[in-house]
Amino acid sequence: MTATDAATERFVYSIFASGLHDAVAVDQLTAPVRAVLDQLDGRFVDGAGGVDGAEVPMLFVIATGGTERSVLDAIAERRVSHGDEVVTLVAHRAHNSLPAALETLAAIHQHGGRGRIVFVAGDPDVDARRLDEAVRDVEAIGRFRSTRLGVVGGPSSWLVASSPAAEVVRRRWGPEIVTVEPTRMIELTRVPVVPTGVLAERFTKVADPARSTVDTRAVSDAMGVRSALADVLDEHLLDAVTVRCFDLLGDPGTSGCLALASLNDDGIVAGCEGDVPSTLAMLLVRHLLDRPSWMANPATVDVDENRLVLAHCTVAPSMLDGFSLDTHFESGKGVGISGHFASQPVTLLRLGGADLDECWIVEGDIVATGDDPDLCRTQVTVSLSSGHVRELLERPLGNHIVLVAGRHEERLRRWWTLAVAD
């Protein structure tokens, strides 16, 4: 029923119809949705798709009513080889497809399972977008479960609400936490694995020389941390990292700001201060939206105007219109990035709670970039269009906020409900 090669498939799908419909009728009925699924690199399989060893997501296409029991049986069969998975049911407007999907999903929820219905209305473009997002949602769950997140040096001492146990992270979100002692990384900064001049050029060539206050030697020293972190990532088979970066200010005597910025620009999520919840939020943005994100401190809030100022000394340069290089704010050592964001819509995200089961997600617009000498080097003012800054004052989840360009609140909340929320 499809020519998709198993080597390139993103997902598999199976079609469920009652015995009252012959195969020709079912083929005609499902032809539009099959065309979209095949276009998205799906591959048709019979039954639960578990017998052929497919390790990709599975979609259950409800062709007709009267299929509830057969779908649940197929889900149970697949669970034997694939474990618990989020179930994606695809329903359409004819032959009682949607009622059957509703009954099936209700049963899944009653037994503690997770799942959703994707309703296809017959518009190929809209249907393709909805199905593509549904597949990406499940792919993100799988990526989280295979992620090894390194915590170099442990969380910073001030993260009294942002230091979840490794078991909580694994159970609630999926990643394996790998604690890395900082000694090896510090040693590597003294004799970099990669010549730091090469690494430093990516910043010095594009930074605004008129506003930069640090010399090339400081930049080279700071990029020694990038070289060391790359070696740590390889040695421990890590997919992402968060670093107790303030410890670097004493030995080797530089900051981690450029190293983390460089990694994030290369698609490797890298968080500051050993903050695991914020790094998980950055991973969610990368896994689900394939975008870089910025982790920053809320510096000020304006309750009346529903605005806040975010500030930090590291940010992926690809998110910026331009930047200059300055020292790290608190210490005056190393190198920090003073970046300029364009005015644009953004989404803000914070994860937290004792069981990592709470989130704050809002949308807004960057309305100004600042240069206050009493704040971290990169500063933006965000005017919220959803939610309220008052929520941060009344029920904060921690001291860092993650920013991503674009409006993604609905998408992030939908994924949260599907994958994490009780």
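Parameters at a glance
- Residues numbered from 1 in each chain as written.
- Predicted model: local features only at pLDDT ≥ 70, side-chain atom pairs only at ≥ 80, totals over all residues.
- Heavy atoms only, no water.
- Pairing = 2+ DSSP bridges.
- Helix = DSSP H or I, 4+ residues; strand = E, 2+ residues; numbered from the N terminus.
- Axes fitted to C-alpha atoms, helices over the stretch in contact; angles between N-to-C directions.
- Contact = heavy atoms within 4.5 Å.
- Parallel < 35°, antiparallel > 145°, perpendicular 65-115°, else oblique.
- Left-handed = near helix turned anticlockwise from the far one by under 90°.
- Nonpolar A, V, L, I, M, F, W, Y, C, P; charged D, E, K, R; others polar.
- Buried < 20%, exposed > 50% of the residue type's maximum accessible area, 1.4 Å probe, protein only.
- Right-handed = clockwise from strand over helix to strand, strands pointing away.
- Disulfide = S-S within 2.5 Å.
- Expected span 1.5 Å × (residues − 1).
- Arc of directions from axis to C-beta.
- Core = buried A, V, L, I, M, F, W, Y, C linked by side-chain atoms within 4.5 Å.
- Salt bridge = Lys/Arg side-chain N within 4 Å of Asp/Glu carboxyl O.

Asks: I'm lost on the sheet that holds strand β6 (residues 148–152) in this one. Help?
Replies: The pairing of strands in a sheet comes from backbone hydrogen bonds and takes either a parallel or an antiparallel form. Spatial ordering of the open sheet is given by β7-β6-β8-β9, a layout of four strands whose pairing is parallel. The sheet is open, and its two borders are formed by β7 (176–180) and β9 (270–272), each paired with just one other strand. In this sheet, neighbouring strand axes are inclined to one another by 20 degrees on average, regardless of whether the strands run parallel or antiparallel. Across three bridges, the pairing between strand β8 (residues 240–243) and β9 is parallel. Considered in β9, the bridge of Val241 is made with Ala270. Contacting β6, β7 and β8, helix α8 (residues 216–235) crosses the sheet at an angle of about 130 degrees to β8.

Asks: How do you make sense of the packing of helix α2 (residues 68–82) against helix α3 (residues 97–110) when you look at a structure like this?
Replies: Each pair of packed helices gets described by two things: the angle between the helix axes and the distance between those axes. The N-to-C vectors of α2 and α3 enclose an angle of 45 degrees; their axes lie 9 Å apart at closest approach. Between α2 and α3, the angle falls in the class oblique. The element α2 and its partner α3 pack so that their crossing is right-handed. On the side of α2, the interface is formed by Glu68, Val71, Leu72 and Ile75, while α3 contributes Pro99, Ala100, Glu103, Thr104, Ala107 and Ile108. Classifying every residue of the contact of α2 with α3 by side-chain character gives seven nonpolar, one polar and two charged.

Asks: I would appreciate a short explanation of the pairing of strand β1 (residues 11–16) in the present structure.
Replies: In the case of a regular strand, side chains alternate between the two sheet surfaces. With respect to burial, β1 is a largely interior element, six of its six residues being buried. Relative to strand β2 (residues 42–44), β1 runs parallel, the two being bridged by three bridges. Bridging from a neighbouring strand, Val12 pairs with Arg43 of β2. Regarding the hand of the β-α-β motif, the stretch spanning β1, helix α1 (residues 23–39) and β2 is right-handed. Bridge analysis of β1 against strand β3 (residues 58–62) gives five bridges, and the strand direction is parallel. If you follow Tyr13 over to β3, its bridge partner there is Leu59.

Asks: How should I be thinking about the state of the cysteines in this particular structure?
Replies: Structurally, a disulfide amounts to a covalent bond that connects the sulfur atoms of two cysteines. Scanning the entire structure with this criterion turns up zero disulfides. Here Cys245 stays unpaired: no disulfide links it, and the sulfur of Cys272, its closest cysteine neighbor, is 5.1 Å away.

Asks: Where do I start with the side chain of Thr30 in this structure?
Replies: For Thr30, the position within the fold is in helix α1. What Thr30 contacts, discounting residues up to four positions off in sequence, is Ile15 and Ala63.

Asks: I tried to follow α2 on my own but got confused; where do I start?
Replies: Every α-helical turn comprises 3.6 residues, leaving residues that sit three or four positions apart pointing alike. Compared with an ideal rise of 1.5 Å per residue, which puts 15 residues at 21 Å, α2 spans 21 Å between its outermost C-alpha atoms and is within 8% of the ideal. Among all positions of α2, only Val71, Ala74, Ile75, Arg78 and His82 are buried. Angular distribution of buried residues about the axis of α2 spans 100 degrees; they occupy a single face of the element. Relative to its buried face, α2 has exposed residues pointing more than 90 degrees away, namely Arg69 and Val80. As for α2, its buried residues are in contact with β1, β3, β4 (87–91) and α3. Gly83 lies just past α2 and shows a positive phi near 70 degrees.

Asks: Help me understand the packing of α1 against helix α4 (residues 124–145) in this model?
Replies: Interhelical geometry of α1 versus α4 gives an angle of 55 degrees and a closest axis separation of 10 Å. Taken together, the axes of α1 and α4 lie oblique to each other. Crossing hand, α1 versus α4: right-handed. Where α1 abuts α4, its residues Val33, Val36, Leu37 and Gln39 lie against Pro124, Asp127, Ala128 and Leu131. Here the contact of α1 with α4 is built from residues that sort into six nonpolar, one polar and one charged.

Asks: Please clarify how the nonpolar core should be interpreted in this entry.
Replies: Within soluble globular proteins, side chains that are nonpolar generally end up buried alongside one another. One finds Trp173, Met185, Leu229, Leu280 and Trp415 to be the most contacted residues of the largest nonpolar core, which totals 55 residues. Considering every element that reaches this core, the biggest residue donor is helix α10 (residues 276–289), with nine residues. In this structure, Met185 is in contact with Val152, Val225, Ala228, Leu229, Val232, Val243 and Leu248, ignoring residues within four places of it in sequence. Counting 35 residues, the second largest nonpolar core, distinct from the first, contains Phe203, Leu308, Val335 and Val382.

Asks: Would you explain the pattern of salt bridges in this entry?
Replies: Oppositely charged side chains can form a pair if their charged atoms are brought close together. For the coordinates displayed, the defined rule picks out 27 salt bridges. For Arg43, the salt bridge is made with Glu9, and the minimal N-O distance between the two is 2.2 Å. Placement of Arg43 in strand β2 and of Glu9 in the segment before β1 is noted, with a sequence separation of 34 residues between them. Here the two residues Arg43 and Glu9 agree in accessibility, since each one is buried. Glu85 is paired through a salt bridge with Arg78; the nearest N and O atoms lie 2.6 Å apart. Looking at Glu85, the relative accessible area reads 31%, which means it is partly exposed.

Asks: Which parts of the structure should I look at to understand unusual backbone geometry?
Replies: As a rule of thumb, non-glycine residues mostly have phi less than zero, and peptide bonds are mostly trans rather than cis. Residue Pro252 is reached from Asp251 by a cis peptide bond, and omega for that bond is 20 degrees. By the element assignment, Pro252 lies in the loop between β8 and α9 (257–265). Of note in the backbone geometry, Asp41 takes a positive phi value of approximately 70 degrees without being a glycine. With respect to the element layout, Asp41 can be found in the loop between α1 and β2. Accessibility expressed as a relative area gives 33% for Asp41, which makes it partly exposed. In this structure, His95 is a non-glycine residue whose phi angle is positive, near 50 degrees. Looking at where His95 falls in the secondary structure, it is placed in the loop between β4 and α3. Given the relative accessible area of 44%, His95 is considered partly exposed.

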